[in-house]
Amino acid sequence: MPETNGSTGRTPETDVIDFRAAEQLLAARDPQGAVKLLDGVIAAHPQSTAARLLRARAFFAAAQLRPAELEFTIVLEREPDNAFAHFALARTYERRGCPDQARRHFRLAAALDPNPEYLQQARFDS
């Protein structure tokens, strides 16, 4: 019998299935459904940076900018060299109307990864 978390009845297999299903829901433009699945995964695995990054993306896609900002910030506390998380946090700040904070994270993303999109948004010439 698979090992379960006594308080939630979840198994590691359930968490993997929910994570993969959340990826599919986000790809199918159902970010709220993805968030619901990821809530359980993160409750069982609060240290999972991958789950938090996916939930941050889902919050962003659902235009829930404060929760997205919080999740991206948690990811960056754990992985300060995550260029994608800096870029996504910058986009979040941009949508919230915080251009100075956005510019800082766009530039950090570009400094960490010379991805053309990151470099374009960094606007190092301005």
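For clarity, every value in this text was computed on a predicted model and none was experimentally measured.

On to the overall build of the protein, then. Scanning the protein for helices and strands turns up 7 helices and 0 strands. Reading the secondary structure of the protein in the N-to-C direction produces α-α-α-α-α-α-α. Projected onto the principal axes, the alpha-carbon positions of the protein cover approximately 60 × 25 × 20 Å. For the protein, contacts bridging at least 24 residues in sequence account for 41% of all contacts bridging at least 6. Working note: accessible area of the protein is about 7300 Å², and carbon and sulfur atoms make up 53% of it. Between the averaged position of the 16 positive side-chain charges in the protein and that of its 17 negative side-chain charges there is a distance of 6 Å.

A separate point is the environment of valine 41. Looking at the secondary structure, you find valine 41 in helix H2 (residues 31-44). A relative accessible area of 5% means that valine 41 is categorised as buried. Ignoring anything within four residues of it in the chain, the contact list for valine 41 reads Arg10, Asp15, Asp18, Phe19 and Ala51.

Right, let's get into helix H5 (residues 83-96). Since there are 3.6 residues in each turn of an α-helix, residues three or four apart along the chain are aligned in direction. The end-to-end C-alpha separation of H5 is 20 Å, in line with the 20 Å expected for 14 residues at 1.5 Å each. Within H5, burial applies to Ala83, Ala85, His86, Phe87, Ala88, Leu89, Ala90, Thr92 and Tyr93. Looking at the buried residues of H5, the elements they touch are helix H3 (49-61), helix H4 (65-78), helix H6 (99-112) and helix H7 (116-122). Its side-chain oxygen 3.2 Å from the backbone nitrogen of phenylalanine 84, asparagine 82 forms the N-cap of H5.

A few words now on the nonpolar core. Where a protein is soluble and globular, its nonpolar side chains tend to be buried together. Ranked by size, the top nonpolar core spans 32 residues in total, and within it Leu38, Ala51, Leu54, Phe72 and Tyr118 carry the most contacts. Ranked by residues supplied to this core, first place goes to H5 with 7 residues. Once residues lying within four places of it in the same chain are set aside, the contact partners of leucine 38 are Phe19, Ala22, Ala51, Leu54 and Arg55.

Once that is clear, we can look at the UniProt feature "repeat: TPR" (unreviewed entry) in the protein. Under the feature "repeat: TPR" (unreviewed entry), the UniProt entry names residues 83-116. Within residues 83-116, the helical portion is 85% and the strand portion 0%, while the C-alpha atoms at the span's ends are 12 Å from each other.

Next up on the list: the pattern of salt bridges. A full pass over the atoms with the stated rule returns 9 salt bridges. Here arginine 66 makes a salt bridge to glutamate 69, at a shortest N to O gap of 3.8 Å. Placement of the pair is arginine 66 and glutamate 69 together in helix H4, with a separation of 3 residues, close to one helical turn. In this structure arginine 66 comes out as exposed when scored by relative accessible area, which is 56%.

So, how was this worked out
- Residues numbered from 1 in each chain as written.
- Predicted model: local features only at pLDDT ≥ 70, side-chain atom pairs only at ≥ 80, totals over all residues.
- Heavy atoms only, no water.
- Helix = DSSP H or I, 4+ residues; strand = E, 2+ residues; numbered from the N terminus.
- Contact = heavy atoms within 4.5 Å.
- Areas by Shrake-Rupley, 256 points an atom, 1.4 Å probe, with all protein chains shown as cover.
- Lys, Arg positive; Asp, Glu negative; His and termini not counted.
- Charge placed at Lys NZ, Arg CZ, Asp CG, Glu CD.
- Buried < 20%, exposed > 50% of the residue type's maximum accessible area, 1.4 Å probe, protein only.
- Expected span 1.5 Å × (residues − 1).
- Polar contact = N/O pair within 3.5 Å; in protein donor to acceptor, adjacent residues only side chain to side chain.
- Core = buried A, V, L, I, M, F, W, Y, C linked by side-chain atoms within 4.5 Å.
- UniProt positions renumbered as here; feature names shortened; annotations may be inferred.
- Salt bridge = Lys/Arg side-chain N within 4 Å of Asp/Glu carboxyl O.

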